[in-house]
Amino acid sequence: MKTSLIDGLKPAHFDKHITGNILLDVAPLDEVKQEPMLIGVRNEDGEIYRLIGAAKLNSFMNAVEELADLGLVDELEELEEQKEGCDAIFAEV
């Protein structure tokens, strides 16, 4: 899986846990956006500051599970469509 921070946005205080718990390759934002499944992570200001791109469903599901284990909530869990270009968007409650 690939990930990128979005320039100019402040990472969330829990960001180091994301990079510590999920095996991610840092890549340019444009490259991450080309992955078929995207996960957004919101900071305390409600902005998506990090994108995680997954090429395979099992990678996507593993990342979703890890983010949930960190206590983050997927605001798109009940939706079938994308929002803000993401298949899942996680934030602290």
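This text follows the structure it describes.
What you see is a predicted model, and the numbers here were worked out from it, not measured in a lab. (Residues numbered from 1 in each chain as written. Predicted model: local features only at pLDDT ≥ 70, side-chain atom pairs only at ≥ 80, totals over all residues. Heavy atoms only, no water.)

Novice: Whenever I open this one, the overall build of the protein confuses me. Can you help?
Specialist: Within the protein, the secondary structure is distributed over three helices and six strands. The secondary structure elements of the protein, listed N-terminal to C-terminal, are β-α-β-α-β-β-α-β-β. Computed over C-alpha atoms, the radius of gyration of the protein comes to 12 Å, within 12% of the 12 Å expected from 2.2 N^0.38 for 93 residues, which places it in the range of a compact globule. Judged by the C-alpha coordinates and their principal axes, the protein covers about 30 × 30 × 25 Å. Expressed as a percentage of its 93 residues, the buried residues of the protein come to 40%. Long-range pairs, those at least 24 residues apart, make up 57% of the contacts in the protein between residues at least 6 apart in sequence. Carbon and sulfur atoms provide 49% of the accessible area of the protein, an area that totals close to 5,500 Å². Looking at the protein, you have 8 positive and 21 negative side-chain charges, and the mean spots of the two groups are 5 Å apart. (Helix = DSSP H or I, 4+ residues; strand = E, 2+ residues; numbered from the N terminus. Rg over C-alpha atoms; globule rule 2.2 N^0.38 Å. Buried < 20%, exposed > 50% of the residue type's maximum accessible area, 1.4 Å probe, protein only. Contact = heavy atoms within 4.5 Å. Areas by Shrake-Rupley, 256 points an atom, 1.4 Å probe, with all protein chains shown as cover. Lys, Arg positive; Asp, Glu negative; His and termini not counted. Charge placed at Lys NZ, Arg CZ, Asp CG, Glu CD.)

Novice: Looking at this structure, I do not really get the environment of Ala-63. What am I missing?
Specialist: Here Ala-63 lies in helix α3 (residues 57-69). Taking relative accessible area as the criterion, Ala-63 reaches 1% and is therefore assigned buried. Separated by ten residues in the primary sequence, Ala-63 and Gly-53 place their C-alpha atoms 9.7 Å from one another. Beyond its immediate stretch of four places on either side in the chain, Ala-63 contacts Met-1, Ile-22 and Ile-39.

Novice: Just checking my understanding: could you explain the pattern of salt bridges for this structure?
Specialist: Where side chains of opposite charge bring their charged atoms close, a pairing between them can arise. Taken as a whole and judged by the stated rule, the model has six salt bridges. One salt bridge in this structure joins Lys-2 and Glu-31, with 3.2 Å as the shortest N-O distance. With Lys-2 in strand β1 (residues 2-5) and Glu-31 in helix α2 (residues 29-33), the pair connects residues that are 29 residues apart, well separated along the chain. By relative accessible area, Lys-2 is classed as partly exposed at 24%. (Salt bridge = Lys/Arg side-chain N within 4 Å of Asp/Glu carboxyl O.)

Function cannot be inferred from these measures alone, as they are strictly geometric.
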